[in-house]
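Overview (structure and organization)
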Amino acid sequence: VQAAFADMLFDIGRIHLIPHFNDLERSLEALHFCLDVRRRCFGSFHPAVASVLYKLASIHSMCGEQQYALDLLLETLAILLVVAHGDKSGLIQVWTAVGRVMQALGKMHEARSAFQEATQLSHDQQ
């Protein structure tokens, strides 16, 4: 039941991002609550937790909170590196997002490294 509730919170968070609603505060509230529930349901190292962290990082980055977004993305990476076995598309997306946030923070060398990691994973997947 709690996992289904967390899924609903995730959907509510996404709905508040739709241009018609465009309420970042409510979206963040629902997604942070979702993160808490999913961590209680699945533990900290689960793909369902990683998906919420990734979505939160995206929103916090849009709000100009780049360092917090980076922290969330690095936590996402830590999870996916443990649980992502065959499909590397999630890792590619996260490494690309890390690169963008690093660019926004003015850390060009680290951004290049993140983009290279995404490119290498993309080539490995083909």
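Cut-offs applied
Residues numbered from 1 in each chain as written. Predicted model: local features only at pLDDT ≥ 70, side-chain atom pairs only at ≥ 80, totals over all residues. Heavy atoms only, no water. Helix = DSSP H or I, 4+ residues; strand = E, 2+ residues; numbered from the N terminus. Buried < 20%, exposed > 50% of the residue type's maximum accessible area, 1.4 Å probe, protein only. Core = buried A, V, L, I, M, F, W, Y, C linked by side-chain atoms within 4.5 Å. Polar contact = N/O pair within 3.5 Å; in protein donor to acceptor, adjacent residues only side chain to side chain. Contact = heavy atoms within 4.5 Å. Salt bridge = Lys/Arg side-chain N within 4 Å of Asp/Glu carboxyl O. Phe/Tyr/Trp six-rings, centres within 6.5 Å; stacked < 30°, edge-to-face > 60°. Lys NZ or Arg CZ within 6 Å of the ring centre and 35° of its normal.

Remarks on the overall build of the protein chain
- Helix and strand counts for the protein chain come out as 6 helices and 0 strands.
- Taken from N to C terminus, the helices and strands of the protein chain fall in the order α-α-α-α-α-α.
- Principal-axis analysis of the C-alpha atoms gives the protein chain an extent of 40 × 30 × 20 Å.
- Within the span of the protein chain, comprising 126 residues, buried residues form 37% of the whole.

Some details on the nonpolar core
- Membership of the largest hydrophobic core comes to 35 residues, with the highest contact counts inside it found for Leu56, Leu73 and Val98.
- Every element with two or more residues in this core is listed here: helix 1 (2-15), helix 2 (24-42), helix 3 (47-62), helix 4 (66-83), helix 5 (89-104) and helix 6 (108-125).
- It is helix 5 that provides the largest number of residues to this core, a total of 8 residues.

Remarks on the side chain of arginine 38
- Take arginine 38: it is sitting in helix 2.
- Relative accessible area serves as the criterion here: at 6%, arginine 38 is assigned to the buried category.
- Among the polar contacts made by the side chain of arginine 38, one reaches the main-chain carbonyl oxygen of alanine 48 at a distance of 2.9 Å.
- When neighbours within four sequence positions are excluded, arginine 38 is seen to be in contact with Ala6, Asp7, Phe10, Gly43, Ala48, Val49, Ser51 and Val52.

Regarding the side chain of histidine 60
- By the secondary structure assignment, histidine 60 is in helix 3.
- Histidine 60 sits in the buried class, given a relative accessible area of 7%.
- Side-chain polar atoms of histidine 60 contact the side chain of glutamate 65, separated by 2.3 Å.
- When near neighbours in sequence (up to four residues on either side) are disregarded, histidine 60 contacts Leu28, His32, Glu65, Tyr68, Ala69 and Leu72.

Quick word on the pattern of salt bridges
- Summed over the entire model, instances satisfying the criterion amount to 3 salt bridges.
- Measuring nitrogen to oxygen at the nearest pair gives 2.8 Å for the salt bridge that ties aspartate 7 to arginine 38. Here aspartate 7 is found in helix 1, whereas its partner arginine 38 is found in helix 2, with 31 residues between them in sequence.
- Ionic pairing is found between aspartate 23 and arginine 26, a salt bridge with its closest N-O pair at 3.6 Å.

Things to note about unusual backbone geometry
- In this structure, asparagine 22 takes a positive phi of about 40 degrees despite not being glycine.
- Inspection of the secondary structure puts asparagine 22 in the loop between helix 1 and helix 2.

Considerations on the packing of aromatic side chains
- Taken as a whole and assessed by the stated rule, the structure comprises 1 aromatic pair.
- With 5.5 Å between their ring centres and 80 degrees between their planes, phenylalanine 5 and phenylalanine 33 make a pair best called edge-to-face. Of the two residues, phenylalanine 5 is situated in helix 1 and phenylalanine 33 in helix 2; the sequence distance between them amounts to 28 residues.
- Looking at arginine 38, its charged tip hangs above the ring of phenylalanine 10, at a distance of 5.0 Å from the centre.

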